[in-house]
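Now for the letters of each chain:
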Amino acid sequence: LSLVLIIAIKSGDAEAVTPQIEAGDLHTIVLKLDGTLWAWGYNVEGQLGDGTQEIRAFPVKIGTDTNWSFVAGGGYFTIALKSNGTLWAWGDDLYGQLGNGSPTNSEYSPVQIGTDTNWSSVAAGAFHTIALKSNGTLWAWGYNADGQLGNGTTTNRTSPVQIGTATNWSSVEARGSHTIALKSDGTLWAWGYNAD
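Residues numbered from 1 in each chain as written. Predicted model: local features only at pLDDT ≥ 70, side-chain atom pairs only at ≥ 80, totals over all residues. Heavy atoms only, no water.

All right, on to the packing of aromatic side chains then. Summed over all chains, the structure comprises 10 aromatic pairs. With 5.3 Å between their ring centres and 65 degrees between their planes, Y95 and F127 make a pair best called edge-to-face. One end of the pair, Y95, is in the loop between β7 (87-92) and β8 (106-112); the other, F127, is in the loop between β9 (119-124) and β10 (128-133), and 32 residues separate them in sequence. Using a relative accessible area of 25% as the deciding quantity, one classes Y95 as partly exposed. Geometrically, the ring pair formed by W169 and W191 is edge-to-face, given 5.9 Å between the ring centres and 70 degrees between the ring planes. Of this pair, W169 sits in strand β13 (residues 169-175) while W191 sits in strand β15 (residues 188-192), and the two are 22 residues apart along the sequence. With relative accessibility at 16%, the residue W191 sits in the buried group. One aromatic cluster in this structure is built from W68, W88 and W90. (Phe/Tyr/Trp six-rings, centres within 6.5 Å; stacked < 30°, edge-to-face > 60°. Helix = DSSP H or I, 4+ residues; strand = E, 2+ residues; numbered from the N terminus. Buried < 20%, exposed > 50% of the residue type's maximum accessible area, 1.4 Å probe, protein only.)

A separate point is the pattern of salt bridges. Throughout the structure, instances matching the rule amount to 5 salt bridges. A salt bridge links D116 to K133, with the nearest nitrogen and oxygen atoms 2.6 Å apart. Of the two residues, D116 sits in the loop between β8 and β9 while K133 sits in strand β10, which places them 17 residues apart along the sequence. By sharing partners, the salt bridges in this structure join D50, E54 and R56 into a single network. (Salt bridge = Lys/Arg side-chain N within 4 Å of Asp/Glu carboxyl O.)

Okay, here's the thing in structure tokens:
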């Protein structure tokens, strides 16, 4: 009976975090069942988040937090969500893709993006970030030369800007210089680079 109880508790804990593996351009990030983040690969811009610029050929743990819930890898940066709804970023920030309000050369450890606690999902392109809030609004920041932020301009943004006024976005994905998003009514939307 004791053994069954222990297994049930462990199973319940495991369901709280969905394990995930994500690849940036030259680095890899893994979210484990225990809510920890691990990374390896190219790290010259600090995209591994271990506080160094050392290239790693094996997984290194990112800090000591155990409440990570989702991660996305961009060109030379990483962005991740915690279970408390906060959003964090690290790595290259040349175009403001870390969303901390002012572009810096790089951040080598996780830096919180604003103070909001209602982020629910995030996606990373080459140099831009798109994130969804729990209220169904969509937000973007970073490089925007091809309109990949979706705010009707080609101006780079260093902090989150809302995309339109819709409150029924349900999923988002970004790659390279374009973005694709799904609404709760089943319609699919896209913007950004379209030469191909």
